[in-house]
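Geometric and topological summary
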Amino acid sequence: MAEKKRILTGDTPTGKLHLGHWVGSVENRVAMQAEYDCYFIIANKHAFTTRADRPEDIRQSVIEIATDYLACGIDPQRSAMFIQSEVPAIDELTFYFSMLIPFNRVMRNPTLKDEIRDKGLGDNYPFGFPLYAVGQCADILAFRPQLVPVGEDQLPHLELSREVARRFDQMYCGVDPHTEDKDYVKAGGLFPIIEPKLGRVKRLVGTGAPSAETGELLKMSKSLNNAIFLSDDADTVQKKIMGMYTDPKRVRATDPGETDPEKNPLWAYHETFNPDTAWVDEHREMYKAGKVGDVAVKRKLVEVINTLIDPIRSKRKQYEQRPDDVIDALRLGTQKANAVAEETLHLAKQALKQDYFGKRALSLR
Ligand code: ATP
Ligand code: MG
């Protein structure tokens, strides 16, 4: 039987999963479980980049995210959901990879710059903050996946993984630099030049006002207090939606030309989540013309979002009653992840000429 192709993707445990995760990545993950061998990383060490002083929160969030995965329909018997810090091969690869990428190149990564700005990190971010971008290359490449389903903000990180893989394969596996990306493994490379797979929505905006600095709506993010979580109860969903930002120009019914639904998360959400596209088209026009107000459009959205997350919420409640099952799912997934990552590390060490004791040494850990 031909081996299934592998997928690797995951989340940082800095909170719970939100609607942005759903349309950006999780929806894809659930759908791809049958066809692919799936690995879902909970990147707990990366959570220390911004909350090293709150280890208890990180631990709690690992459990929350794992519970969210199960509630969304990730099947732990088929797919490996695992804890990053329990897969030490990733750290070993991080060290070697960090030698293959110039520091300035890491700092040019626009996602790091956005995070520094949007999370208000100023000049005080730790040394480990840029290191996490290199660590993410190891998170991915340890699994030598064909596809990486992510949101748009992750593309610069994936580009870094592609660069690291090319450099490693050229330097240590003798791959000709003119080789096409898709042929690196065929040409003897250890690491594939991975391909991102974007979700149905590349970047879902948050419920808050635009950034004062850029004028753009910020992405929905666990850390920015602008998210609707898959675990929010119906009342919370209602409160968040009824209180969410809408374009203030909208209220100038005398000047309807000023209204821009693109600048309005309310319409972004209707377009993304409301299956009744005829309703959306009709009401968008009415809204532009000042014939229907925020309140009515928000009420409809409350209904739409609650319908979407209701089944997830109720499955989540069941898992909340069975914390041991969540831990068991993580244990099983972490075992599977270690088997793959250790194999990769072993092959990497061979390529690096640092395999002094053979494979057996790994099992002495
Ligand atoms: P944090 O605020 O801690 O950075 P986050 O909300 O950005 O958290 P991550 O754990 O960084 O979430 O991202 C996990 C995955 O979900 C990534 O693939 C990311 O691209 C995707 N994702 C996160 N937010 C969104 C969004 N608003 N729209 C689309 N995809 C998203
Ligand atoms: Mg993020």
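Look above for the structure.
Residues numbered from 1 in each chain as written. Chains lettered and ligands numbered in written order. Predicted model: local features only at pLDDT ≥ 70, side-chain atom pairs only at ≥ 80, totals over all residues. Heavy atoms only, no water.

As for the environment of Pro149
What counts is decided by this rule: Runs of H or I in DSSP of at least four residues are treated as helices and runs of E of at least two as strands, each being numbered from the N terminus. Should any heavy atoms of two residues lie within 4.5 Å, those residues are counted as being in contact.
Along the chain, Pro149 falls in strand β4 (residues 147–150). Separated by 35 residues in sequence, Pro149 and Asp114 place their C-alpha atoms 21 Å apart. Residues within four places of Pro149 in sequence aside, it is in contact with Ile7, Leu8, Thr9, Ser25, Asn28, Met32 and Lys197.

Considering the packing of aromatic side chains
Keep this limit in mind: For Phe, Tyr and Trp, rings pair up if their centres lie within 6.5 Å, where Trp contributes its six-membered ring, and each pair is then called stacked (planes under 30 degrees apart), edge-to-face (over 60) or tilted (otherwise). Only protein chains enter the calculation, and the probe is 1.4 Å; a residue is then buried if its accessible area is under 20% of its type maximum, exposed if over 50%, and partly exposed in between. Here, a charge over a ring is recorded when the distance from Lys NZ or Arg CZ to the ring centre is within 6 Å and its angle to the ring normal is within 35 degrees.
Summed over the entire model, instances satisfying the criterion amount to eleven aromatic pairs. Judged by centre distance (5.3 Å) and plane angle (70°), the rings of Trp267 and Tyr287 are edge-to-face. Linking Trp267 in helix α10 (residues 265–273) with Tyr287 in helix α11 (residues 277–288), this pair joins segments that are 20 residues apart in sequence. The exposure classification of Trp267 matches that of Tyr287, with both residues buried. Grouping aromatic residues by their ring pairs yields a cluster made of Phe97, Phe168, Tyr172 and Phe191. Here Arg322 stacks its cationic end above the ring of Tyr319, 4.7 Å away from the centre of that ring.

Looking at the site of ligand 1
To be explicit about the condition: Residues are labelled near a given molecule or strand when at least one of their non-hydrogen atoms is within 4 Å of it. Contacts described as polar in this section are N or O atom pairs within 3.5 Å, which, within protein, must combine one atom able to donate a hydrogen with one able to accept it, while residues neighboring in sequence count only if both atoms come from side chains. For accessible areas, the Shrake-Rupley method is used with a probe of radius 1.4 Å. Any residue's cover is judged against the shown protein chains and nothing else. Just so you know the grouping, Ala, Val, Leu, Ile, Met, Phe, Trp, Tyr, Cys and Pro go in nonpolar, Asp, Glu, Lys and Arg go in charged, and all remaining residues, Gly too, go in polar.
Residues in close proximity to ligand 1 total 21 residues, the closest being Thr14, Asp153, Lys219, Ser221 and Ser223. Residue His18 places a side-chain N or O atom 2.9 Å away from an oxygen atom belonging to ligand 1. In this structure, Ser221 approaches ligand 1 through a side-chain N or O atom, which is 2.5 Å from an oxygen atom. Against a free-state accessible area of 600 Å², the protein chains account for coverage of 95% of ligand 1. Elements with a minimum of two residues in the shell around ligand 1: β1 (6–11) and α1 (19–32). Residue composition of the shell around ligand 1, by class: three nonpolar, eleven polar and seven charged.

Thoughts on the nonpolar core
The following threshold applies: Definition of nonpolar core: a set of buried residues of the types Ala, Val, Leu, Ile, Met, Phe, Trp, Tyr and Cys, connected through side-chain atoms within 4.5 Å.
If you look at the biggest cluster of nonpolar residues, it comprises 54 residues, and the most contacted ones within it are Leu19, Met81, Phe273 and Ile305. By residue number, the principal contributor to this core is helix α12 (residues 294–320), which donates eight residues. Excluding its chain neighbours within four sequence positions, the residues that come into contact with Ile305 are Leu19, Ile228, Val237, Ile241 and Phe273. With 47 residues, the next largest nonpolar core counts Phe82, Val87, Phe97 and Val148 among its residues.

That is the geometry; function is a separate question.
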